[in-house]
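Here is how the chains run, residue by residue.
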Amino acid sequence: MLYARLIVSRLLKAVIVLFMIIIFNFFLIQLAPGDPAAILAGEAGATDAEFLRQLTERFGLDQPLHVQLWRYVSGVAMLDFGFSYRQQVPVLDLILERLPATLLLTGTAFVLSLVLGIVAGSLAAARVKKPSGSIIMALALIFYATPLFWVALMAVVLFSVYLDWLPAYGMYTVGAGLEGFAFALDVGKHLILPATTLALFFMAIYTRMTRASMLEAAQQDFVKTARAKGLKNSVIQRRHILRNALLPIITLAGLQAGQMVGGAILTETVFAWPGIGRLMFEALQQRDYNLLLGIFFFSAALVIVFNIITDLVYRLADPRIKEAS
Amino acid sequence: MSFFARFAQNRGALVGLIILVGIILMAILAPLLFPESPWRMVQRPFLPPLQTDGFPLGTDTMGRNVAAGLMHGAWVSLLIGLVSTTVALAIGVPLGAIAGYYGGLVDDALMRFTEFFQTIPNFALAIVLVAIMQPSITSIVLAIALVSWPPVARLVRAEFMSLRHREYVEAARLVGQTNTTIILRQILPNTLSPIIVLASLMVATAILLESALSFLGLGDPNVMSWGYMIGAARTVIRQAWWLSFFPGVAILLTVLALNLVGEGLDDALNPKLARERS
Amino acid sequence: MRDTLLSIRHLSIALPAGADRDYAVEDISYDVARGEIMCVVGESGSGKSMAANALMGLLPKGVRATGGEIDFDGQDLLSLTEKQHRDLRGLRIGMIFQEPMTALNPLMRVGDQIGEVFEAHNRLTPKERQARALELLVEVGIPQPEKAIRAYPFELSGGQRQRVMIAMALALEPELLIADEPTTALDVTTQAQILDLIGDLQRRHGMAVMFITHDFGVVAEIADRVCVMRHGRIVELGAAQTVLSSPQDPYTRDLIEAIPSDVIPEARGAETDTPLLEVSGLDKVFRSRGGLFKPSREVHALRDVSFSLVKGETIGIVGESGSGKSTLGRCVVRLERPDRGTLSLSGTDFMHLRGEALRRERHRVQMIFQDPYASLNPRTRVGMAIAQGPIANGMARPEALARADELLELVGLGGTADRFPHEFSGGQRQRIGIARALAMNPELIVADEAVSALDVSIQAQILDLLEELKQKLSLSLLFITHDLRVAAQICDRIIVMQHGRVVEQGPAREVFLAPREAYTRQLLEAIPGREHELADA
């Protein structure tokens with residue numbers, strides 16, 4: 001019951017945010033230099049007078065601003081994101097076709113980075129002042145400072161070009177006609193490099209945060225209580241320190257969801273992973289702004305879904321929230 | 001202990017500072033050592049590193065001097081990092097201060113606004129902004145500032161909220177100091193150290209963002225930047241890995257140095273925390 | 001002599017380099033016999049908890065024992081391995097701490113936290129552990145134990161959490177219970193209950209108790225023997241009765257005398273009968289704003305509070321936490337705005353002032369705050385901190401700074417105007433806070449728990465200073481405190497508050513010696529060491 005109410009309130013909030021993004025998109029087009037119709041059509045379409053006329057009519061570009069806004073908003077509300085002139089397909093179809101690949105990539109990277117980050121962070125916290133702890137933190141700092149796209153490129157050079165262990169591009173072997181388990185295995189092989197490179201940066205963040213959070217939790221009074229009971233150090237670390245330290249990590253993971261989607265744009269570009277990030281890069285190159293704004297809207301929606309999930313997880317993990325809500 | 005002595009106790013911070021000074025020197029010396037435009041084609045393309053005099057890092061796909069590009073790129077990275085952070089602070093500090101100090105409805109409204117910006121995927125927003133405003137130093141700086149102010153606002157708000165009911169602030173209210181005086185003289189000075197630390201990390205993040213934008217082809221077409229160099233060499237990575245490698249190392253070192261310096265500042269400004277952490 | 005359980009011999013514990021002294025404790029020796037309550041008394045920084053932490057193997061990082069031995073039933077605790085120490089903790093030695101709010105893991109159910117003690121020592125099956133936990137909760141007197149065992153700590157009150165801590169410490173029937181200031185964070189009536197409980201359990205189980213406290217009242221209440229510590233050394237050691245009635249060491253004597261006694265000074269006759277502060281029908285409700293799906297919550301902090309204060313008078317407002325006494329003080333200085341009622345100062349309405357008009361009138365009522373460490377801006381020199389108020393009200397800077405010098409002189413800190421707050425001790429900072437309030441020439445000063453955060457000996461000095469200033473400057477004072485003994489010493493009249501209402505008000509002597517209301521009597525009876533003082537008088 002509590003969760004149902006919570007989800008409804010979060011969904012309502014999500015709708016408001018998405019609505020604001022639509023309005024934001026609309027004004028972005030207005031603010032851009034040049035004719036909005038030309039912008040919506042994209043550079044390539046701008047020469048086609050007939051298409052421009054259609055666009056002008058459809059969005060009411062010759063009408064006053066508020067009429068245009070209304071048409072734009074009601075259009076998006078009906079899931080009409082317009083037409084990609086360049087690809088001759090509705091924007092929505094393009095995005096929906098690419099969405100599963102992005103979900104697979106970001107989902108894998110999200111879980112991978114969280115699990116590895118928390119493990120590495122708790123190891124580092126338990127080994128403060130020891131060389132092994134310092135090495136973990138140094139590695140985390142380096143991964144944190146490395147540009148994502150560059151790691152991706154270097155991984156291609158090393159693992160695909162030089163060692164030839166893993167495929168460098170795409171999501172599956174084209175033309176192999178694989179099915180069932182063999183296909184899944186093939187996709188898995190293609191997934192390793194992009195998911196790992198995407199996860200590295202976030203893993204670094206979680207490692208640093210877990211360690212800091214655990215060291216802070218270790219200072220708390222209840223840890224002294226646990227020691228006074230005669231509990232083993234490993235039990236105290238896991239049951240008392242780590243559990244309390246995880247709460248801020250969950251919050252952080254929610255905040256990082258947006259970054260993760262951003263990172264996917266870069267990774268997908270490098271590995272030609274057929275997701276919406278790669279689609280965004282293609283839209284950029286073709287100056288297909290209508291498509292670009294559609295993807296932008298969807299990536300925000302994706303982040304909101306991630307946020308709702310982390311919010312629910314947080315509520316499961318912290319009994320005090322139930323009282324407050 | 002003096003501020004610098006505390007800073008220097010963190011050996012990583014010292015290393016970071018040295019690297020950073022080196023990169024600043026690169027930026028300053030670039031126009032002296034390579035007075036020509038880094039865009040000029042000066043040699044055969046695809047010269048590997050360390051094989052031709054005057055081209056220690058070789059030439060790129062168009063026969064441009066990689067070393068010259070690297071040094072000129074330092075200037076662009078640092079400039080964009082600093083300016084966009086300054087703009088982000090100029091947005092985030094006042095917003096956070098007002099929200100945290102006044103609380104209530106003002107806080108609610110400002111925080112909803114901040115949350116909105118935090119929900120939108122950062123990098124995607126930057127891409128859309130730069131693409132539609134057309135790539136230029138100004139649009140890149142604006143876009144980076146627009147996506148990086150929310151953490152500042154949240155930090156400043158949290159600091160203000162915890163300090164606004166501190167007894168010395170209440171005492172200042174009771175003796176009749178105005179809200180402006182209290183914000184500027186009583187609270188703000190006590191929030192400076194976390195802001196400074198955050199700012200140093202933000203410069204690092206801004207440099208990463210700029211390089212990622214340039215990598216995607218959204219850099220200012222008039223200036224040479226590290227991200228652009230990697231992006232341009234991406235398609236020839238199989239033939240000439242070094243074209244991507246060196247600019248990447250430059251970014252890595254700069255960002256690493258800034259993070260190390262940030263940690264050092266944190267230790268030096270909050271000596272108590274540093275002792276507990278080590 | 002009874003059977004000795006614990007024997008500390010020439011123990012020295014070193015502090016890390018850079019601390020304000022080399023040793024936390026130096027060459028201390030004392031014994032604790034089976035079945036007795038030993039109180040270790042001292043002010044903050046006396047090192048009173050150090051020996052306890054050392055024998056538990058729970059010394060903070062960087063602090064270590066450098067000499068002597070701790071003999072526990074034939075075993076030297078200082079030479080144990082970590083594993084041996086662990087086996088001892090919880091099993092043969094139990095410990096409870098000061099802060100019941102933070103000493104329990106917020107994410108674990110109470111029953112599981114008690115069960116962990118058995119788990120740590122491999123006792124019982126999980127099911128039996130829960131059954132034992134329930135029995136223990138019954139024994140420590142938690143209301144609705146079946147419900148409490150499934151509760152999370154945040155669902156319990158401070159006193160209930162301390163009972164849970166005691167249940168945990170008793171789980172395996174240890175021979176020694178260490179109680180480190182277990183009642184300091186509690187209200188006076190709760191404190192009395194917890195002290196009763198500890199005394200009761202100690203008799204029933206025949207444990208030895210090492211009770212660490214700063215409060216001689218508590219000593220009088222429960223101690224068999226007492227060990228007084230100062231600056232890491234023992235200054236007096238002996239049977240509680242002897243030490244309390246005829247202390248040998250001058251420091252012990254000071255400490256015992258510093259406790260304000262029930263000897264209540266005659267109320268001074270008011271200089272005039274024109275009321276300075278008139279409060280009537282004051283109501284204040286705090287609402288946490290609810291969201292769309294969140295109900296808003298209301299807390300009635302003040303209900304229909306009325307009283308008046310005559311010029312030159314000191315009124316004490318006493319009550320436990322949650323009684324609304326602090327809210328009342330904050331309403332009077334207008335840090336909060338009351339919802340209903342009237343609040344007037346020398347006949348002018350002080351309640352409906354807002355914004356700029358309020359700012360201009362603020363100088364008339366000033367406040368002395370509780371926490372000496374939070375009440376001064378760490379980045380402002382103390383002279384400037386005092387001068388800021390007059391400057392904000394239009395006084396020229398040099399003049400204001402000169403006045404700050406005079407005021408520092410007045411509170412006994414002459415010539416320190418250009419120092420920063422961190423260069424002062426807690427008591428000195430409180431003097432600076434008083435000077436800051438005086439700088440405004442206020443008609444009324446509200447002191448909100450102004451001495452509660454200080455050690456008793458410092459407390460006495462600040463109270464003396466206030467008394468002196470009261471005479472010299474004929475101050476009017478609203479003195480808010482949870483400590484009835486302090487109120488008895490300085491107040492002309494007393495207002496007792498509970499749940500936001502005024503329960504009883506009247507001249508101090510009357511309220512203390514002939515209380516009319518049951519709640520007032522209950523508060524008075526809960527004061528630790530009261531019987532001792534009465535027997536003394």
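Residues numbered from 1 in each chain as written. Chains lettered and ligands numbered in written order. Predicted model: local features only at pLDDT ≥ 70, side-chain atom pairs only at ≥ 80, totals over all residues. Heavy atoms only, no water.

Chain C has the name ABC-type dipeptide transporter in an unreviewed UniProt entry, where Halomonas shengliensis is given as its organism. Database annotation for chain C, UniProt heading Sequence similarities (unreviewed entry): "Belongs to the ABC transporter superfamily." (UniProt positions renumbered as here; feature names shortened; annotations may be inferred.)

If you look chain A up in an unreviewed UniProt entry, it shows as Peptide/nickel transport system permease protein from Halomonas shengliensis. Regarding chain A, the UniProt comment filed under Sequence similarities (unreviewed entry) reads as follows: "Belongs to the binding-protein-dependent transport system permease family." For the record of chain A, the UniProt heading Subcellular location (unreviewed entry) holds the text "Cell membrane".

## Section: the UniProt feature "transmembrane region" (unreviewed entry) in chain A
Residues and elements named next belong to chain A. Feature annotation in UniProt places "transmembrane region" (unreviewed entry) on residues 12–32, 103–126, 138–163, 183–206, 246–271 and 291–314, given in this structure's numbering. The distance from the first to the last C-alpha atom of residues 138–163 is 26 Å, and the span holds 88% helix and 0% strand. Taken as a whole, residues 291–314 contains 100% helix and 0% strand, while its terminal C-alpha atoms sit 35 Å from one another. (Helix = DSSP H or I, 4+ residues; strand = E, 2+ residues; numbered from the N terminus.)

## Quick look at a negative patch on the surface
Residues and elements named next belong to chain C. A contiguous patch of negative charge, built from Asp405, Glu409, Asp418 and Glu423, is present on the exposed surface. Note that Glu423 resides in the loop between helix H14 (397–410) and helix H15 (426–438). Looking at Glu423, the relative accessible area reads 41%, which means it is partly exposed. (Patch = residues over 30% accessible without salt bridge, like charges linked within 9 Å, V, L, I, M, F, W, Y side chains within 5 Å. Areas by Shrake-Rupley, 256 points an atom, 1.4 Å probe, with all protein chains shown as cover. Salt bridge = Lys/Arg side-chain N within 4 Å of Asp/Glu carboxyl O. Lys, Arg positive; Asp, Glu negative; His and termini not counted. Charge placed at Lys NZ, Arg CZ, Asp CG, Glu CD. Buried < 20%, exposed > 50% of the residue type's maximum accessible area, 1.4 Å probe, protein only.)

## Points about empty space enclosed by the protein
Leftover empty space is mapped by rolling, across the atoms, a probe with the size of a water molecule. Throughout the structure, instances matching the rule amount to ten cavities of 30 Å³ or more. As for the largest cavity, its lining consists of 13 residues, of which B:Asp60, B:Arg64, B:Val66, B:Met229 and B:Leu243 are closest to the centre. Listing elements by their share of the lining of the largest cavity, those giving two or more residues are helix H3 (66–102) and helix H9 (226–233) of chain B. Considering each element in turn, the lining of the largest cavity owes the most residues, four residues, to H9(B). Its residues assigned to classes, the lining of the largest cavity comprises eight nonpolar, three polar and two charged. Of the volumes computed, that of the second largest cavity is approximately 90 Å³. What lines the second largest cavity is B:Tyr168, B:Ala171, B:Ala172, B:Val175, B:Gln177, B:Gln186, C:Asn377, C:Thr380, C:Ala385, C:Gln388, C:Gly389 and C:Arg436. Listed by contribution, the elements that provide at least two residues to the lining of the second largest cavity are helix H7 (167–174) of chain B together with helix H13 (382–392) of chain C. Of the residues belonging to the lining of the second largest cavity, the class tally is five nonpolar, six polar and one charged. (1 Å grid on protein atoms, 1.4 Å probe; cavity = no way out; pocket = protein on both sides within 12 Å on 5 of 7 lines; lining within 4 Å. Points joined across faces, edges and corners; volume = space filled by probe spheres on them. Nonpolar A, V, L, I, M, F, W, Y, C, P; charged D, E, K, R; others polar.)

## Some details on the environment of A:Phe222
Here A:Phe222 lies in helix H9 (residues 221–228). Residue classification places A:Phe222 among the buried residues on the basis of a relative accessible area of 4%. Along the backbone, A:Phe222 and A:Glu282 are 60 residues apart, and their C-alpha atoms lie at a distance of 54 Å. Apart from the residues within four sequence positions on either side, A:Phe222 is in contact with A:His240, A:Asn244, C:Thr102, C:Ala103, C:Leu104, C:Asn105 and C:Pro106. (Contact = heavy atoms within 4.5 Å.)

## Thoughts on the UniProt feature "domain: ABC transporter" (unreviewed entry) in chain C
Under the local residue numbering, the UniProt record ascribes the feature "domain: ABC transporter" (unreviewed entry) to residues 8–256 and 277–524 of chain C. With 38% helix and 25% strand, the stretch residues 8–256 of chain C has end C-alpha atoms that lie 25 Å from each other.

## Quick notes on the UniProt feature "domain: ABC transmembrane type-1" (unreviewed entry) in chain A
Mapped onto the present numbering, the UniProt feature "domain: ABC transmembrane type-1" (unreviewed entry) falls on residues 99–314 of chain A. Between the first and last C-alpha atoms of residues 99–314 of chain A the distance is 26 Å; the span itself is 83% helix and 0% strand.

## Some words on the sheet that holds strand E10 (residues 233–239) of chain C
Sheet strands pair via backbone hydrogen bonds, and the direction of the pair is either parallel or antiparallel. Residue and element names in this part refer to chain C. With mixed pairing, the six strands of this open sheet are ordered in space as E6-E7-E8-E3-E9-E10. Pairing within the sheet leaves two strands with one partner each, and these edge strands are strand E6 (93–96) and E10. Direction aside, the axes of adjacent strands within the sheet are offset by 15° on average. With four bridges joining them, E6 and strand E7 (residues 176–180) adopt parallel strand pairing. Along E7, the bridge assignment pairs Ile96 with Ala179. (Pairing = 2+ DSSP bridges. Axes fitted to C-alpha atoms, helices over the stretch in contact; angles between N-to-C directions.)

## Things to note about the packing of helix H8 (residues 179–215) of chain B against helix H10 (residues 242–269) of chain B
All names here are of chain B. Put simply, H8 and H10 touch, their axes get as near as 8 Å, and they point 175° apart. Between H8 and H10, the crossing angle belongs to the class labelled roughly antiparallel. The residues of H10 that touch H8, namely those facing Ser193, Ile196, Val197, Ser200, Leu201, Val203, Ala204, Ile207, Leu208 and Ser211, are Ile251, Thr254, Val255, Leu258, Asn259, Gly262, Leu265, Asp266 and Leu269. Its residues assigned to classes, the contact of H8 with H10 comprises twelve nonpolar, six polar and one charged. (Parallel < 35°, antiparallel > 145°, perpendicular 65-115°, else oblique.)

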